[in-house]
Amino acid sequence: MPDLALRGGLYTLIDDPFLQPAADSALYEPDGLILIRDGRISALGAYSALRDRVGADVPLRHYPDAILLPGFVDAHIHFPQVEIIGSYGAQLLEWLNTYTFPAEAKFTDPQHAGRIAEFFVDELLLNGTTAASVFCTSAPASVDAIFEAAQRRNMLLLAGKMMMDRHAPPAILDSAQASYDDSKALIERWHRNGRGRYTVSPRFALTSSPRQLELAGALMSEYSDLRLQSHISENRAEVARAAELYPERAHYTDIYEHYGLLNERAIYGHGIHLSEAELRRFHETGAKIAHCPTSNFFIGSGLFDIARAKAASRPIVVGLGTDVGGGTSFSMLQTMAEAYKMAQLRGISINAAQSYYLATLGSAEALGIADRVGKLAPGYDADIVVLDPLATPLLALRAEVAESLEELLFALMICADDRAIQATYVAGELLHERRKPR
Ligand code: GUN
Ligand code: ZN
């Protein structure tokens, strides 16, 4: 017997639509039913086929006009940067120095870290995001705060302490050895504690000494199921500085590869200015990219070429990240819209299946959690978002003339925001329900 049943339209990706036809990559059930037991999906399919399995005492929530999707997965986000979202007038290196580093310095205070962590996870949920890969600061208190907030909601978050031992204000720097010791203690405390997963997080080559990158590599070999997150090739001045700091390496990607940080367990934010040789190494090693379009537009970093990253000859696994606070929205719908516009400027149009793939299954694959979340399937965790295509007068009018599900989903991702998130379920629990609009 299920302990909860959800009825509505069901839409889920089951494969990568960049690599095969959209029609073979997605499943749609106009009137579907999801049965949930012990936080997992026990069965799903047509309402007519499954209705008999719902006993009279099982709560059944019906969303007649809505579409149920797997919860969104944000592949790259910084929780200590929430407060500085939308900060004016600087490109990457100046933006970091002017806004980001001072904001991050406040997270040695556990009270501040706790307040922002609570706000942050609630903001994820009201945007329909049920899993994310989160950068903290170099202060261990920031890592405790985010895992505690996630654990209170039984959310699957990956998070890690920022490793950074040079070229930033002393207040947010660690040392190579301290970053190793702190990370190790946090791994022991949080990795696979509930749904939490620790992710080794050297900020980027510019703020790590060779010794620190070496120790990040040591952590990756000591723990065979740990993931790693970092940044690469976001901004041209950053790329030039990386070459100055590591002159003996062939290119930016080679810096990370040299220290054992380029493999199938690693995900790098941005990758806008990677060369063909570097993209090839990403493909060959299985390293992933987190595409963060709202941030790339806002910080003026450049136009990521998604068609090039997904080229059939050497495809790379790409997830979608908001990169808040360089990114300008928690909404994965708005992030999909900006990914679409960025691709348009490169001369290609990402279709609805590809966009929703990036925001769900693609990000889950990029983070190594696609065996648990990112799709609607039996045995998967019941992380589910309820999308309301009639959420606003404009959306309702647009929906009247939509002739296909693809058209409707596309218009939603272009025009909708958090108002279209009717409900968010985490491991089968209703954690966000939109207040009545209008
Ligand atoms: N590169 C290194 N650190 C950061 C960061 O915090 N945000 C962004 N957008 N890029 C980075
Ligand atoms: Zn980032």
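What you see is a predicted model, and the numbers here were worked out from it, not measured in a lab.

Rules used in this analysis
Residues numbered from 1 in each chain as written. Chains lettered and ligands numbered in written order. Predicted model: local features only at pLDDT ≥ 70, side-chain atom pairs only at ≥ 80, totals over all residues. Heavy atoms only, no water. Salt bridge = Lys/Arg side-chain N within 4 Å of Asp/Glu carboxyl O. Helix = DSSP H or I, 4+ residues; strand = E, 2+ residues; numbered from the N terminus. Buried < 20%, exposed > 50% of the residue type's maximum accessible area, 1.4 Å probe, protein only. Near = heavy atom within 4 Å. Polar contact = N/O pair within 3.5 Å; in protein donor to acceptor, adjacent residues only side chain to side chain. Areas by Shrake-Rupley, 256 points an atom, 1.4 Å probe, with all protein chains shown as cover. 1 Å grid on protein atoms, 1.4 Å probe; cavity = no way out; pocket = protein on both sides within 12 Å on 5 of 7 lines; lining within 4 Å. Sits in = over half its atoms within 2 Å of the grid points. Nonpolar A, V, L, I, M, F, W, Y, C, P; charged D, E, K, R; others polar. Contact = heavy atoms within 4.5 Å. Donors = N, O, S within 2.8 Å, 3.2 Å for Na, K, Ca; no water. Points joined across faces, edges and corners; volume = space filled by probe spheres on them. Phe/Tyr/Trp six-rings, centres within 6.5 Å; stacked < 30°, edge-to-face > 60°. Lys NZ or Arg CZ within 6 Å of the ring centre and 35° of its normal.

Asks: I'd like a rundown of the pattern of salt bridges, residues and numbers included.
Replies: It is possible for side chains bearing opposite charge to pair when their charged atoms get close. Here the structure, examined in full by the defined rule, presents 25 salt bridges. As a salt-bridge pair, aspartate 381 and arginine 195 come within 2.9 Å of each other at their nearest N and O atoms. One end of the pair, aspartate 381, is in the loop between helix H14 (352–367) and strand E14 (384–387); the other, arginine 195, is in the loop between helix H6 (176–190) and strand E9 (197–202), with 186 residues separating them in the sequence. Judged by relative accessible area, which is 14%, arginine 195 ranks as buried. The residue arginine 419 makes a salt bridge to aspartate 417 at a minimum N-O spacing of 2.9 Å. A network of salt bridges, in which partner residues are shared, links Arg40, Arg195, Arg372, Asp381 and Asp383.

Asks: How would you sum up the site of ligand 1? Please name residues and give values.
Replies: For ligand 1, the full set of nearby residues is His78, Gln81, Leu92, Trp95, Leu96, Arg203, Phe204, His231, Glu234, His270 and Asp323. Arginine 203 is positioned with one of its side-chain polar atoms (N or O) 2.7 Å from an oxygen atom of ligand 1. Glutamate 234 places a polar side-chain atom, nitrogen or oxygen, 2.6 Å from a nitrogen atom of ligand 1. When isolated, ligand 1 has an accessible area of 280 Å², and the protein chains bury 100% of it. The site holding ligand 1 turns out to be the largest cavity. Looking at which element gives the most residues to the shell around ligand 1, the answer is helix H3 (residues 92–105), with three residues. In the shell around ligand 1, the residues fall into four nonpolar, four polar and three charged.

Asks: Could you give an account of the side chain of threonine 130, naming the residues involved and the relevant values?
Replies: Note that threonine 130 resides in strand E6 (residues 129–135). Since its relative accessible area comes to 1%, threonine 130 is described here as buried. Ignoring sequence-local partners within four residues, the contact set of threonine 130 consists of Gly71, Phe72, Met155, Leu156, Asp383, Ile384, Thr424, Tyr425 and Val426.

Asks: Give a description of the coordination of the zinc ion (ligand 2) that names residues and reports values.
Replies: In ideal tetrahedral geometry, four donors around a metal make angles of 109.5 degrees, whereas ideal octahedral geometry with six donors gives angles of 90 or 180 degrees. Taken together, His76 (NE2), His78 (NE2), His231 (NE2) and Asp323 (OD) make up the protein donors of the zinc ion (ligand 2), found 2.0 to 2.4 Å from the metal. Counting gaps between the donor residues of the zinc ion (ligand 2) yields the pattern H-x1-H-x152-H-x91-D. With histidine 78 in strand E5 (residues 72–78) and aspartate 323 in the loop between strand E13 (318–320) and helix H13 (332–345), this pair connects stretches of sequence that are 245 residues apart.

Asks: Explain the layout of surface pockets to me, and be specific about the residues and the numbers.
Replies: Rolled over the atoms, a probe sized like a water molecule indicates the empty space that remains. Put simply, the largest pocket is a space of about 240 Å³. If you go around the largest pocket, you meet 17 residues; those closest to its centre are Tyr28, Asp65, Ile67, Pro389 and Leu408. Where the lining of the largest pocket is concerned, the elements lending two or more residues are strand E1 (4–13), strand E2 (26–37), strand E4 (60–70) and helix H16 (405–415). Top contributing element to the lining of the largest pocket by residue count: E4, with six residues. Taken together, the residues of the lining of the largest pocket break down into eleven nonpolar, four polar and two charged. In this structure, the second largest pocket spans a volume of roughly 190 Å³. Residue lining of the second largest pocket: 13 residues in total, with Arg40, Gly194, Arg195, Arg372 and Asp381 positioned closest to the centre.

Asks: Which residues make up the packing of aromatic side chains, and what are the values?
Replies: All told, the structure shown has eleven aromatic pairs when counted by the stated rule. Seen from their ring centres, tyrosine 268 and phenylalanine 282 are 5.8 Å apart, and the 75° between their planes marks the pair as edge-to-face. Within this pair, whereas tyrosine 268 is found in strand E11 (residues 266–270), its partner phenylalanine 282 is found in helix H10 (residues 276–285), the two being separated by 14 residues in sequence. Residue phenylalanine 282 is classed as buried on the basis of its relative accessible area, which comes to 0%. Through a chain of ring-to-ring contacts, three or more aromatic side chains come together here, namely Phe79, Phe107, Phe120 and Phe330. Positioned above the aromatic ring of tyrosine 47, the side-chain terminus of arginine 7 is 3.5 Å from the ring centre.

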